[in-house]
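# Descriptive structure summary
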Amino acid sequence: MANNSFCLSITNHEPEFSCSLKELLLLMELRGAEAVTRIQESYGDVKGLCARLKTSPVEGLDGSSNDIDRRKHAFGQNVIPSKKPKTFVQLVWKALQDTTLIILMAAAIFSLCLSFYNPPDAERLHCGSAASSVAEEDETEAGWIEGAAILLSVACVVLVTAFNDWSKEKQFRGLQNRIEQEQKFTVVRRGQVIQINVSEIVAGDIAQVKYGDLLPADGVLIQGNDLKIDESSLTGESDHVKKSLDKDPMMLSGTHVMEGSGKMVVTGVGVNSQTGIIFTLLCASDEEEKKKKKRRKEKNSVAPTVEMKPLGENGKAEKKKTNPPKKGKTVLQEKLTKLAKQIGKAGLFMSLLTVLILIARFLIDTFWSQGVPWSKECLPIYMQFLVNFIIIGVTVLVVAVPEGLPLAVTIALAYSVKKMMKDNNLVRHLDACETMGNATTICSDKTGTLTTNRMTVVQTYMAGHHYLMVPKPDLIPDKILDLLIEGIAVNCAYTTKILPPEKEGGLPRQVGNKTECALLGLTLDLHRDYQTVRNKFPEEKLFKVYTFNSERKSMSTVLRNHDDSYRMFSKGASEILLMKCCKILTASSEAVAFKPQNRANLVKTVIEPMASEGLRTICLAYRDFPTVEGEPDWDNESHILSGLTCIAVVGIEDPVRPEVPESIRMCQQAGITVRMVTGDNINTACAIASKCGILQPGDDFLCLEGKEFNRRIRNEQGEIEQGCIDNIWPKLRVLARSSPTDKYTLVKGIMDSMLLEQRQVVTVTGDGTNDGPALKKADVGFAMGIAGTDVAKEASDIILTDDNFSSIVKAVMWGRNVYDSISKFLQFQLTVNVVAVIVAFTGACITQDSPLKAVQMLWVNLIMDTFASLALATELPTKALLRRSPYGRDKPLISHTMMKNILGHAIYQLIVIFTLLFMGEKIFIMESGRNASLHDPPSEHYTMVFNTFVLMQLFNEFNARKIHGEQNVFKGVFNNPIFYSILLGTFITQVLIVEFGGKVFSCVSLSLELWLWCVFLGFGSLLWGQLAEAPDGSRSQHL
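What you tend to see is this: most non-glycine residues have negative phi, and most peptide bonds are trans. One non-glycine residue, histidine 527, adopts positive backbone phi at about 60°. Take histidine 527: it is sitting in the loop between α20 (514–525) and α21 (530–536). Relative accessible area serves as the criterion here: at 65%, histidine 527 is assigned to the exposed category. Phi is positive for arginine 737, close to 45°, though the residue is something other than glycine. Under the relative-accessibility criterion, arginine 737 is labelled buried at 15%.

See below:
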């Protein structure tokens, strides 16, 4: 119905736009020559299509809100609706699936039902002393309370779990929206090139596409320069598809621009684009599958095997195959999974043992010691005891199993991710945050990450003279100056430009590629206007463009002259482009022969001195193709890019970020090796590496170029060998003139190495499209938020919104903080687990009942699982985290210090609890609660045991804040308001439970004196902790 109304609205707008949505959808289904033919037959050419869509190929849309709204109404919005989030009710139902909670609820309901059964007193007297003692209490008044209280407690636990899941999902969706909002695309509106949010793109927009873009909509090419697209995401074909007006002009959403640049008219957006259509089909199939499953359940019959296969198990299996996990389990996940299994097994064993011992004691006492004969009339009473024993056993399991671990991990990660956004780290994959804490190697780019990425030309070599600063225009011959300005203007991307400063007195704004910005800045320093040249040669009039890529290391633009001759301007890495030069312009503006010895002399006297100062050297050259030589073979690149004439060599300065040397020093102190992987020449790279502190005087290190690296890592057969890589990577600090393939090989080699005991955890930064494989392969991939391409961002785990290396160091701090937060929570929870299980088990075996009742244990469980995880997982990181080496994959999650703390505090708590349990009534002169019958009212004795136990946990939360043997457990406590708020809130709630909880919580009100004793015994945990840490005070400084 919705689709019909949608089509109707389109039909109404057909006269206005002269083409319908259906017509455009049919057009975008065509490929190659078929598409070209259809465009020619239906529209004449692409300009005809633009006219039908009421847009200008040059000026674009007028951008008025009315026009944009009409287009959205007619052709749809560029938004693909996301799947509906789970409702709170669904999350509650999911939380109710927990096995231990189901058992507990079943036992509670059964107990509740039995509590209303009231057999005659005469029958009770023949069922044993334990049963006859039940008659002393009015069951209808008290018997149902425990069952109801357990159900209420379970409801609280379920609601808290569901709320946490709901909050987590909300936060994830917020993160996804943030990532989507960051996505912008370049369009032409009112003749101005502007960037807009991807969601604001409409049909008829003229979009500029360039190397590294992820196409946000379908379109038809208007003009292209050496454009190659990776359509594997739609077609599965890995070969890049060359796009041109005469062969294949169809541009599809969700595909990646791997080379070149161009312009397209947008024809399909949102659900009407190729990606949107596929998404809609997937959603439809999911809905259909749900409906079929529902129908099967209603009919209670099994569908034929043939129909079930694509929707049932096979469908799921296929989904798993096509969507494998991005990476394996993180260090923390591996350790937590192993620990949770071990604790779970131990808890299950203890709970079963508790139930068996309780049943055995009851049977022996009733049928053996008292000699009570079996009677059917006594069965309901015996069942009450059995259910009570099961409740105690399940409660032991609930307390023993660390359900809080996943929650603590989620809270720690979600909290860290939120805070990391403020530190310029936009986390795309949550586990990357924790993995960063174990990073041992960072393979970093140079430009923009270690340097400011604000480039300026500071030295030049032209007309036979090496200028140590930009020369005045009158010192340069007119011919050379004209060639230089024209070459820079047309052979830099037209999206790159220098804009006036935002504030008066500020620096001009650099938009686009920063190296090209430096060259455009040079034209302005020489008092020439590059825009005048661009107006003379608009982008659509450029004959051919060989765009920059990692293989060429250069960019060339061909202009067609009036006499049908051609002139090509080239720019690129100096040592590479100079190899292709056979002439050079002299002071007289004449082109003279440029022989190998001249080249070697220029490299030695100009390029090497520039590079040693950390300057990036770029060669600018040109070549003329006279008419008499005929039409060149433009596809023969090796011939076209030869016989060049050198115009100039420029040295571009990109200063090291002032904060980088200190950040690298902190990394080295933290046991992390920083390696520079750059496309610059080795002299420039080494100079920058020395300034950053990557290379230290006296260190035994390696600096290699890509070619030498490739030679060293291969065997005689030319195959890459791990042993060869192992001989290089430990000492390698700089890899210069490297390709993305070299970067990937290095990352993979370090990760696969078995040279050291610990497997290396590798972090890599990247900004280019071809960095994608290395970013995906690394344990954590960082994409540049400013200079990075869409492809690099999509392949990454974290986006650096400021492209700054110091932000990576902050990510390391947050990662280590997550690991420490989980360790703090573990130290706290395992102490509670050990004490609660031993107390419940021992009490059950000796007194035939647990001193800690089911509802009380559920409250303790809530303190441990939710509140403690929130309190301990939200500690802020400190620089002290960077004063130790990474934990590594093989180091136990529970360190020796933590184990000592857990056992030490458990011993103190057990001594206190057992003293109160077996001697408390004598010490504090009160009635003993040990020999109470099944439904006896709560006792002051057991209330004090429960209250002291909880208060010891609250004070132990301070001890749990330090896991490396530090003695000052209060340091920084007021920096975390969440911690002290939760602690205060838990204490107030405990007071209310004890004073007003009554039979629901099995508590009675305590006097002020007993409260003070409870607080004193709880505070003893802190004193005990100080005594336990005293011997380690000296070594805690080094941990």
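Now, onward.
Glancing now at a nonpolar patch on the surface. A surface patch of nonpolar side chains, about 450 Å² in accessible area, is lined by Met899, Leu903, Ile907, Ile911 and Trp1024. Looking at the nonpolar patch, the element that brings in the most residues is helix α34 (residues 896–923), giving four residues. Counting through the fold element by element, leucine 903 comes out in helix α34.

Taken together, the eight strands give an open sheet; going across it, the order is β8-β26-β25-β24-β9-β21-β23-β22, and neighbouring strands pair in mixed fashion. Edge positions in the open sheet fall to β8 (425–427) and β22 (702–705), since each of these has one partner strand only. Each adjacent strand pair in this sheet contributes to an overall mean axis angle of 20°, direction not counted. The sheet contact formed by strand β25 (residues 780–784) and strand β26 (residues 798–800) spans three bridges and is parallel. Residue pairing across strands places alanine 783 opposite isoleucine 799, the latter belonging to β26.

So, about the pairing of strand β7 (residues 256–268). Remember that side chains alternate between the two faces of the sheet whenever the strand is regular. When you tally the buried positions in β7, you get 13 out of 13 residues, the bulk of the element. In this structure, strand β3 (residues 206–210) lies alongside β7, joined through five bridges in antiparallel fashion. Counted as the bridge partner of alanine 207 is methionine 264 from β7.

The tally for this structure, following the rule as stated, stands at 14 aromatic pairs. Relative to tyrosine 566, the ring of phenylalanine 543 lies with its centre 4.8 Å away and its plane at 45°, an arrangement referred to as tilted. With phenylalanine 543 in the loop between α21 and β14 (544–546) and tyrosine 566 in strand β16 (residues 566–573), this residue pair connects regions lying 23 residues apart in the sequence. The class of tyrosine 566 is buried, set by a relative accessible area of 2%.

Attention now moves to the pattern of salt bridges. Under the defined criterion, the tally for this structure stands at 25 salt bridges. Lysine 72 is paired through a salt bridge with glutamate 200; the nearest N and O atoms lie 3.3 Å apart. With lysine 72 in helix α5 (residues 65–75) and glutamate 200 in the loop between β2 (192–197) and β3, the pair connects residues that are 128 residues apart, well separated along the chain. Two residues, glutamate 575 and arginine 737, come together in a salt bridge whose shortest N-O distance is 2.9 Å. In this pair, glutamate 575 is assigned in helix α22 (residues 574–577) and arginine 737 in the loop between β23 (732–736) and α29 (740–752), connecting sequence segments 162 residues apart. Among the charged side chains, a salt-bridge network with shared partners connects Asp67, Arg70 and Arg71.

To continue, consider the side chain of threonine 55. Tracing the backbone shows threonine 55 in the loop between α4 (46–52) and α5. Discounting residues that sit within four places of it in the chain, threonine 55 has contacts with Cys50, Gly60, Leu61, Arg71, Gly204, Ile206 and Val265.

A few words on the packing of helix α32 (residues 805–847) against α34. The contact between α32 and α34 brings their axes to 9 Å, and the two run at 35°. Considering the relative orientation of α32 and α34, their crossing is right-handed. Contacts between α32 and α34 pair Ser823, Leu826, Gln827, Leu830, Thr831, Val834, Val835, Ile838, Val839, Thr842 and Ile846 from the former with Met898, Asn901, Ile902, His905, Ala906, Gln909, Leu910, Ile913, Phe914 and Phe918 from the latter. Classifying every residue of the contact of α32 with α34 gives 14 nonpolar, seven polar and no charged.

This brings us to the state of the cysteines. The full count for this structure, using the stated rule, is zero disulfides. Here cysteine 492 stays free of any disulfide, with the sulfur of cysteine 517 as its closest cysteine sulfur at 8.5 Å. Classification of cysteine 492 as buried rests on a relative accessible area of 1%.

Do not read the predicted coordinates in detail wherever pLDDT is low. Averaged over the chain, the pLDDT score is 80; the fraction of residues at 70 or greater is 83%. Scored below 50 in pLDDT, residues 1032–1039 makes 10 contacts in the model with residues more than four places away or belonging to other chains.

This brings us to helix α3 (residues 32–43). Every α-helical turn comprises 3.6 residues, leaving residues that sit three or four positions apart pointing alike. Its 12 residues give α3 an end-to-end C-alpha distance of 16 Å, which sits within 8% of 16 Å, the value for a rise of 1.5 Å per residue. Listed as buried for α3 are Gly32, Ala35, Val36, Ile39 and Tyr43. Mapping the buried residues of α3 onto a view down its axis gives an arc of 100°, with all of them on the same face. Within α3, the exposed residues directed more than 90 degrees away from the buried face are Ala33, Glu34 and Glu41. Among the structural elements, α2 (21–28), α4, β4 (218–230) and β6 (250–251) are those in contact with the buried residues of α3.

Cut-offs and rules
Residues numbered from 1 in each chain as written. Predicted model: local features only at pLDDT ≥ 70, side-chain atom pairs only at ≥ 80, totals over all residues. Heavy atoms only, no water. Helix = DSSP H or I, 4+ residues; strand = E, 2+ residues; numbered from the N terminus. Buried < 20%, exposed > 50% of the residue type's maximum accessible area, 1.4 Å probe, protein only. Patch = residues over 30% accessible without salt bridge, like charges linked within 9 Å, V, L, I, M, F, W, Y side chains within 5 Å. Areas by Shrake-Rupley, 256 points an atom, 1.4 Å probe, with all protein chains shown as cover. Salt bridge = Lys/Arg side-chain N within 4 Å of Asp/Glu carboxyl O. Pairing = 2+ DSSP bridges. Axes fitted to C-alpha atoms, helices over the stretch in contact; angles between N-to-C directions. Phe/Tyr/Trp six-rings, centres within 6.5 Å; stacked < 30°, edge-to-face > 60°. Contact = heavy atoms within 4.5 Å. Left-handed = near helix turned anticlockwise from the far one by under 90°. Nonpolar A, V, L, I, M, F, W, Y, C, P; charged D, E, K, R; others polar. Disulfide = S-S within 2.5 Å. pLDDT = per-residue confidence, 0-100. Expected span 1.5 Å × (residues − 1). Arc of directions from axis to C-beta.

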